Amino acid sequence: MRNRQKNKAEQHHSLPYLGFPRLWPYIRQYRGRIIIMVVMGMLCSGIDALFPLFNRYALNHYVGEKTLDTLVGFVLLYIGVLLVQSVMNYYSTYVCSKVELWVGRDMKNTVFNHVQTLSFSFFNTNNVGYIHSRIMSDTDRIGTFVSWRLMELAWSLSYILFIFVSMFMLSARLGGLLALLVPFTVLFVIFFQRKLVRLHRNVREINSRITGNFNEGITGARQIKTLVVEDVVQRDFEKETAAMKRAAVRTTRTNGLFLATVTMMANLALALVLWRGGKLTMDAVIEIGTLSVFMSYAIGMMDSIQEVIGTISALIDVQVNIERVMRVLDTRSDVTDTPEVIEKYGDTFHPKRENFETLHGDIEFKDVSFQYPDGDELVLEHFNLKVPQGTNVAIVGETGAGKSTLVNLVCRFYEPTKGQVLIDGRDARERSQLWLHSNIGYVLQTPHLFSGSVRENLKYGKPDATDKEIIAALTLVSADGIIERLGRALLEREAADATAGAVSGAKSSMPADVTREAAMVKGLAADVGEGGDLLSTGEKQLLSFARAILTDPAILVLDEATSSIDTVTEKAIQDAIQVVTKGRTSFMIAHRLSTVVDADVILVVLDGKIIESGKHADLMAKRGYYYQLFTRQYQDDATQQAL
Amino acid sequence: MKTREQFPTKRSMLLHFLRGSKKYFAVCLGAVLLATFFDLIRPKIISFTVDAVIGGDAAQVPAAFTGLVERFGGTAGLAAKLWIVALLVVAVALLGAFFRFLFRLFNSKGSETFVESVRNGLFRHIEHLPYAWQQENQTGDIIQRCTSDVETIKRFLSEQLTNMMRIVIMIVMSLWFMSGISGLLALLSGLFIPVIVTYSMFFHTHISRDFREVDEQEGVLSSIAQENLTGVRVVRAFGRERYERERFEAQNDVYSNAWIRLSRLLSAFWSIGDVISGLQVLTVVAVGAVLAVRGTITPGEYIAVVSYNSMLVWPVRGLGRVISEMSKAGVSIDRVRYIMNSQTEQDPEDAKRPPMDGDVTFEHVSFTYPGDAAPVLKDVSFTVKRGTTVGILGGTGSGKSTLMYLLAGLYPLAEDGGHIRVGGVDIADIAKDHLRENVGLALQEPFLFSRSLAENIGIAKPGADMKSIRKASRIASLEDTADRFAKGYQTPVGERGVTLSGGQKQRTSIAQMVIRETPIKVFDDALSAVDTETDAKIRQALLEESKDSTVIIISHRITTLMHADNIVVLNDGCVAEQGTHDELRAAGGIYAQICAIQASGMEDAADREKTAGGQPADGTRKGGEQDA
């Protein structure tokens, strides 16, 4: 899948795609500043072209005529021009940075916000890393392009323009001669630029292979050691590093040749000036000062040409970034609310919560047929199921059998291809997604916590929850012990820090008189780490239960954890499930026996389709697939328990 | 753990890795000297041309060149043939460009050779570090040290150090050339250098904190986006899109504003730098004009001095930044040094290489993982007679995999941790590579290399041909899998290839073990994801292939274990029962109980399910097995 994306991107790269018009909405509001920046940049480079003329004056007037009459004025004017240039320089680069960051910021916001509205089919076909790069790095590149690259282009072009105007005014013959060198330089630069792009890409590829090798050498350490293949992997690794060395040196060689060529062109220009200009000077057609101006220009000209072409190739490169961003922005959500629904209930970012009805919890699948947008067959066909309020539905099947489909439909992450999902008797599409989501509690198989404190995470679904409510929810799922422990650990650390400050070396003692409640409140402030990494999987699971229950949702969706967790936590989770599903409409993607046995309805999924359904006893009596599944699991569990 | 450090200082490590590249850097130094010299010749030629040729002042011809000039018909003759001078400019430029190219090339050769030796050294070192080290250190962090820190060190050498060299040479030489024309002008120009360098260093040292701040803010923004995307289901399910949006936008503002503040400082820095450099140029231009008017210097010399001075401007401005950035490399060098100074696995001095086809005995083996409080193995003793098969049955966390890691020497046993012997020799006295070459370990969750399937199997036996790979696959029942792929054995697997199922991975691991033909073979739950029939087929094929092997099979399946010559039941790190299938069944302990469960028909299971549901196990499963 990733390959497909890559190919697509490369294909587009070679197409003459011009994305610049689409950037207009983002730079429009900064156009005034961009104009200021470009104009000032051009003036600055004009002044750069002016400085050799000061030199000319000094040579012609002072040195040539042996007088120092205007020297004070000369120095003052020089300083004046210098100061003017510096101030403009300061302004234009500052404005340039602002434009860079503002455009980048606006685009980041736009892409991020757009992604918030996209449906799950988008997330299933694009991995997180890919989307993340679109939000963070492509937008940066575009920002840099519309600011610095644009300014560099303006600067270099106007410098070239200024010096040619100046040259032609001083001596048209000499100027014309130098102009002849320009096309050759341009051709050389283009030739090398192309080569260098290829070489750089090669270096990057080898670099990522080397990183991959390091990764393999570390994560595969057990295998490498027990197979005693250290030397084999080392040899292979050394092949890569040797290839890297060759590629890097070759790149530098080409780059060195490139720079040498540009230098040579500059010196060729200088030689031409000396030869023809020297002649003109001797013939008194031009003065010695003019000759020196030409010599300065000859050297400066080639760098600017190189700069211009560099910018143009950057312009080609940035097309890819624009195109990638636009592809995300052009993606439309599969699941959208109708204008009428938005009118009444508001949109994703501006909900009208006052119009939200209470959700009771009756759900019905009515003649539902469903096919995933990227799939090629119907996974549900004319499916009918009534789930009255308070029913516990368990969905079982092998890993990868497609157990999430029903849940995805209930949550309206996808919409039925045909038929309806009725919520409290009305089509789900008659009310907004946000209304539905506000009434669903969701616990993932791999629990996802955000970095921050326990409190911040639990309040995620209910921002106005009080500590008391939070602790009540935690207690309900038996997670109170966790935060008490976290709280005590935090207090202990604080006490240790305090004593370390006062009496160094004194062993800190835990204030024993801290009440359980106080410790728990303290524990709410504990940091859970990035993605909750400071907690165990089981603990994360319990916290996400508490988070779901805190909103008191009418519908609860649970994706039971498959990863091995310790027995005590497992028991706690089993109990938590019992508690939280009581009296609620719940959908449980189940992996463990106890939950399955107690469910009101069990749906058995095989190859994406529901092949059996009913109560546990009925399904066992049927001796079908469920029976096999159950028996096998039972044996494994029994063995585990006996040991 | 650290008995001695290989590299006590930063310098010692750099010098170690520079061993093969010093010569390149020496060439580099020579090249940059010559390149700078030729670059600085050019203004001399111009000066000569302006004064002697165009100005017609024969007195300006340097004494050493009078003969040469005469050959071309004196200054007047040269004036008629100005192209000779032009050619000279091109020739000198060509030489300058050539040496500059040489400088770049050898700089690159030197630094790439250096980096190659750092990478190879790091990789080799990491491969030979104890397994415990790999477990203790975060993979991401190690990789970061091996990639971006190495890159920083390379930049330090190839950009900062050589740039500094280049800049210093440039400054010294051009000041020297200038002083040949006018000591006063060289002094005036030289006075600006400490001012500019100090200004730039001061600025860059102070701004590094702001740079870090911006980096951190970007990191926060990036992880908000990252968490939003990975947690998209939670965001949607709680309907918190608006909150996410506000959070992202707020942080985006914080980040952008921090950058804008920083770039304001940068803009000011550049502009003030422009003014100082501009004043340096002006000073030389104005004072030079005065000197030229007074006749102290000629017009040509004036032009030369002005261009020497302008050649100095950029290098001097860069020097401050280079110096302040060089200090950052120190941190990276230390981060790499940490890896290089970690102690690798060591064999005892008189390591033995005994024949490995004897009995394998575990004697009072106890083991606690480094950093853990509770032991995983407590006083475990049993013997695997040569050429026999022993089955081990144990729950998760009972320490059975640990036992096998100990046998393969992945962890050393403590002084009082008992002994493991092969043919009577303590494995602690056996050379590690010899031990591992003779203990084949098929793993439950094996790691596949990013190579073809054939290479994954063949890697275990250097020089293995396709025939033996096929044979090993056949024994491991992997042939069908390979045949089903369009590219057969050449199908790439691992991280960048086809994802194999758990069972396929296990069978690959078994094939690796088979092809190695080790006298001791261990199945560390390596048949768990394979169905019962294939399981039996593999064991049967293996038995036929290597009758003399000493085999240890770890499994949950009674059918896998029942034919073993001896079965050991591990419970909570201790040997709970031991004996043959029949003996243990008769004994009526844990084994018999499990036997009953697994032998019982579906009828039985259906009956028991009512009581089994939700019952907690009796605490035998605490502690995770460290096999990740």
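Because the structure is a prediction, the values reported are computed rather than measured.

**Observations concerning the overall build of chain A**
Part 1 of the reasoning: Summing up its helical and strand segments, chain A has 23 helices and 10 strands in all.
Part 2 of the reasoning: Radius of gyration (C-alpha) of chain A: 36 Å, far over the 26 Å computed for a compact globule of 643 residues.
Part 3 of the reasoning: Counting only C-alpha atoms and orienting by the principal axes, one finds that chain A spans roughly 115 × 70 × 65 Å.
Part 4 of the reasoning: Burial statistics for chain A: of 643 residues in total, 43% are counted as buried.
Part 5 of the reasoning: Long-range pairs, those at least 24 residues apart, make up 81% of the contacts in chain A with a sequence separation of at least 6.

**Describing the overall build of chain B**
Part 1 of the reasoning: Along chain B, the regular secondary structure elements total 22 helices and 10 strands.
Part 2 of the reasoning: Relative to the globule expectation of 25 Å for 628 residues, the C-alpha radius of gyration of chain B, 37 Å, shows a markedly less compact shape.
Part 3 of the reasoning: Once the C-alpha set of chain B is aligned to its principal axes, its extents read approximately 120 × 60 × 55 Å.
Part 4 of the reasoning: When burial is assessed residue by residue, chain B has 44% of its 628 residues classed as buried.
Part 5 of the reasoning: The long-range fraction of contacts in chain B, counting pairs at least 24 apart against all pairs at least 6 apart in sequence, stands at 77%.

**Thoughts on the sheet that holds strand β9 (residues 601-606) of chain A**
Residue and element names in this part refer to chain A.
Part 1 of the reasoning: Taken together, the 6 strands give an open sheet; going across it, the order is β6-β7-β8-β3-β9-β10, and neighbouring strands pair in mixed fashion. Strands at the two margins of the open sheet, each flanked by one partner only, are β6 (440-443) and β10 (609-614). If you compare each strand with its neighbour and ignore which way they point, the axes differ by 15 degrees on average.
Part 2 of the reasoning: Bridge count between strand β3 (residues 392-397) and strand β8 (residues 585-589): 4 bridges; the pairing is parallel. Its bridge partner lying in β8, Ala-394 is registered against Met-588.

**Details of the packing of helix α8 (residues 183-230) of chain B against helix α11 (residues 299-341) of chain B**
All names here are of chain B.
Part 1 of the reasoning: Put simply, α8 and α11 touch, their axes get as near as 8 Å, and they point 25 degrees apart. Classified by the angle their axes make, α8 and α11 are roughly parallel. The handedness of the crossing between α8 and α11 is right-handed. Across the interface between the two elements, Leu-185, Ser-189, Ile-193, Ile-196, Val-197, Tyr-199, Ser-200, Met-201, His-204 and Thr-205 from α8 touch Val-305, Asn-309, Leu-312, Val-316, Arg-317, Leu-319, Gly-320, Arg-321, Ile-323 and Ser-324 from α11.
Part 2 of the reasoning: Residue composition of the contact of α8 with α11, grouped by class: 11 nonpolar, 7 polar and 2 charged.

**Comments concerning the domain arrangement of chain A**
Part 1 of the reasoning: Segmenting chain A into domains produces domain 1 (21-170) and domain 2 (172-285).
Part 2 of the reasoning: Between the C-alpha centres of domain 1 of chain A and domain 2 of chain A there is a distance of 26 Å.

**Focus: the domain arrangement of chain B**
Part 1 of the reasoning: Domain annotation for chain B reports domain 1 (10-341) and domain 2 (360-612).
Part 2 of the reasoning: A separation of 59 Å is found between the C-alpha centroids of domain 1 of chain B and domain 2 of chain B.

**Observations regarding the nonpolar core**
Part 1 of the reasoning: In this structure, A:Ala269, A:Ala298, A:Ile395 and A:Ala546 are the most contacted members of the largest nonpolar core, which totals 332 residues.
Part 2 of the reasoning: No other element matches the 18 residues that helix α5 (residues 82-127) of chain B contributes to this core.
Part 3 of the reasoning: Sequence-distant contacts of A:Ala269, that is, excluding residues within four places in its chain, are made with A:Leu178, A:Leu181, A:Ala298, A:Met301 and A:Met302.

**Some thoughts on the interface of chain B and chain A**
Part 1 of the reasoning: Between chain B and chain A, the residue contacts involve 124 residues of the former and 125 residues of the latter.
Part 2 of the reasoning: A per-element tally of the side of chain B that touches chain A places helix α10 (residues 241-294) of chain B first, with 26 residues.
Part 3 of the reasoning: A breakdown of the residues in the side of chain B that touches chain A according to their chemical character gives 63 nonpolar, 35 polar and 26 charged.

**A look at the sheet that holds strand β10 (residues 574-579) of chain B**
Residue and element names in this part refer to chain B.
Part 1 of the reasoning: Reading across the sheet, the 6 strands line up as β6-β7-β8-β3-β9-β10 and stay open at both edges, with mixed pairing between neighbours. Each edge of the open sheet carries a strand with a single partner, namely β6 (439-442) and β10. Neighbour-to-neighbour, the strand axes of the sheet open up by a mean angle of 15 degrees, direction not taken into account.
Part 2 of the reasoning: Sheet topology places strand β3 (residues 389-394) next to strand β9 (residues 566-571); 5 bridges connect them, and they run parallel. Bridging from a neighbouring strand, Gly-394 pairs with Leu-570 of β9.
Part 3 of the reasoning: In the packing of helix α17 (residues 502-516) onto the sheet, the strands contacted are β6 and β7 (520-524), and the crossing angle to β6 comes to about 165 degrees.
Part 4 of the reasoning: Here helix α21 (residues 590-599) sits on the sheet and contacts β3, β9 and β10; the angle it forms with β9, its principal contact strand, is near 100 degrees.

**A short note on α8(B)**
Part 1 of the reasoning: When the terminal C-alpha atoms of α8(B) are compared, their 68 Å separation across 48 residues agrees well with the 70 Å that a helix rising 1.5 Å per residue should span.
Part 2 of the reasoning: Along its length, α8(B) shows its largest kink, about 35 degrees, at B:Ile207.

**Thoughts on the confidence of the model for chain A**
Residues and elements named next belong to chain A.
Part 1 of the reasoning: Per-residue pLDDT for chain A has a mean of 85; in total, 92% of the residues score no lower than 70.
Part 2 of the reasoning: The least confident element of chain A, judged by mean pLDDT, is helix α1 (residues 2-14) at 37; the most confident is helix α4 (residues 71-117) at 94.
Part 3 of the reasoning: Below pLDDT 50 for its whole length, residues 504-509 participates in 4 contacts with residues either more than four positions away or in separate chains.

**What about the pairing of β7(B)?**
Each regular strand shows side chains that alternate between the opposite faces of the sheet.
All names here are of chain B.
Part 1 of the reasoning: Of all 5 residues in β7, 5 are buried; the element is thus mostly enclosed.
Part 2 of the reasoning: Both faces of β7 are covered, namely the face carrying Ile-520, Val-522 and Asp-524 and the face carrying Lys-521 and Phe-523.
Part 3 of the reasoning: Strand direction decides the pairing type here: β6 and β7, joined by 4 bridges, are parallel. Residue pairing across strands places Ala-442 opposite Phe-523, the latter belonging to β7.

**What about the pairing of β8(A)?**
Residues and elements named next belong to chain A.
Part 1 of the reasoning: Of all 5 residues that make up β8, 5 are buried, and the element is covered over most of its length.
Part 2 of the reasoning: Of the two faces of β8, the one lined by Thr-585, Phe-587 and Ile-589 and the one lined by Ser-586 and Met-588 are each fully buried.
Part 3 of the reasoning: Strand direction decides the pairing type here: strand β7 (residues 555-559) and β8, joined by 5 bridges, are parallel. Each bridged residue has a counterpart across the sheet, and for Asp-559 the counterpart in β8 is Ile-589.

**Structural notes on the environment of B:Val305**
All names here are of chain B.
Part 1 of the reasoning: Positionally, Val-305 belongs in helix α11.
Part 2 of the reasoning: Residues Val-305 and Glu-218 lie 87 residues apart in sequence; the distance between their C-alpha atoms is 47 Å.
Part 3 of the reasoning: When neighbours within four sequence positions are excluded, Val-305 is seen to be in contact with Met-178, Ile-181, Ser-182, Leu-185, Val-284 and Gly-288.

**Things to note about unusual backbone geometry**
Part 1 of the reasoning: In the Ramachandran plot, A:Ala284 falls in the positive-phi region, its phi being about 60 degrees despite a non-glycine side chain.
Part 2 of the reasoning: Mapped onto the secondary structure, A:Ala284 falls in the loop between α10 (230-282) and α11 (288-330).
Part 3 of the reasoning: Phi is positive for B:His364, close to 45 degrees, though the residue is something other than glycine.
Part 4 of the reasoning: Along the chain, the position of B:His364 falls in strand β1 (residues 360-367).
Part 5 of the reasoning: Among the residues examined, B:His364 registers 13 C-beta atoms within 10 Å and is labelled partly exposed.

**Section: the confidence of the model for chain B**
Residue and element names in this part refer to chain B.
Part 1 of the reasoning: For chain B, per-residue confidence averages 86 on the pLDDT scale, and 94% of positions sit at 70 or higher.
Part 2 of the reasoning: Confidence drops under a pLDDT of 50 for residues 601-628, and excluding neighbours within four residues, the segment shows 49 contacts in the predicted structure.
Part 3 of the reasoning: This complex was scored by the predictor with a pTM of 0.79 and an ipTM of 0.83.

**So, helix α7 (residues 139-181) of chain B**
Part 1 of the reasoning: A rise of 1.5 Å per residue sets the reference length of α7(B), with its 43 residues, at 63 Å; its end C-alpha atoms lie 61 Å apart and thus fit the reference within 8%.
Part 2 of the reasoning: Remark: the principal bend of α7(B), roughly 35 degrees, maps to B:Phe156.

**Here's the deal with the packing of helix α15 (residues 466-475) of chain B against α17(B)**
Residue and element names in this part refer to chain B.
Part 1 of the reasoning: Where α15 meets α17, the axes come as close as 8 Å, and the angle between the chain directions of the two elements is 125 degrees. Taken together, the axis directions place α15 and α17 in an arrangement best described as oblique. The two elements α15 and α17 cross, and the hand of that crossing is right-handed. Within the contact between the two elements, α15 uses Ser-468, Ile-469, Ala-472, Ser-473 and Ile-475 and α17 uses Ala-511, Val-514 and Ile-515.
Part 2 of the reasoning: Of the residues that constitute the contact of α15 with α17, the class distribution is 6 nonpolar, 2 polar and no charged.

**Here's the deal with the environment of A:Ser369**
Residue and element names in this part refer to chain A.
Part 1 of the reasoning: Positionally, Ser-369 belongs in strand β1 (residues 363-370).
Part 2 of the reasoning: Overall, the presence of 14 C-beta atoms within 10 Å leaves Ser-369 in the partly exposed class.
Part 3 of the reasoning: Along the primary structure Ser-369 and Lys-418 are separated by 49 residues, whereas in three dimensions their C-alpha atoms are 4.9 Å apart.

Calculation criteria
Residues numbered from 1 in each chain as written. Chains lettered and ligands numbered in written order. Predicted model: local features only at pLDDT ≥ 70, side-chain atom pairs only at ≥ 80, totals over all residues. Helix = DSSP H or I, 4+ residues; strand = E, 2+ residues; numbered from the N terminus. Rg over C-alpha atoms; globule rule 2.2 N^0.38 Å. Buried ≥ 20, exposed ≤ 12 C-beta atoms within 10 Å, placed from the backbone. Contact = placed C-beta atoms within 7 Å. Pairing = 2+ DSSP bridges. Axes fitted to C-alpha atoms, helices over the stretch in contact; angles between N-to-C directions. Parallel < 35°, antiparallel > 145°, perpendicular 65-115°, else oblique. Left-handed = near helix turned anticlockwise from the far one by under 90°. Nonpolar A, V, L, I, M, F, W, Y, C, P; charged D, E, K, R; others polar. Domains from an automatic or database assignment. Core = buried A, V, L, I, M, F, W, Y, C linked by C-beta atoms within 7 Å. Expected span 1.5 Å × (residues − 1). Bend = angle between axes of the 7 residues up to and from the residue. pLDDT = per-residue confidence, 0-100.

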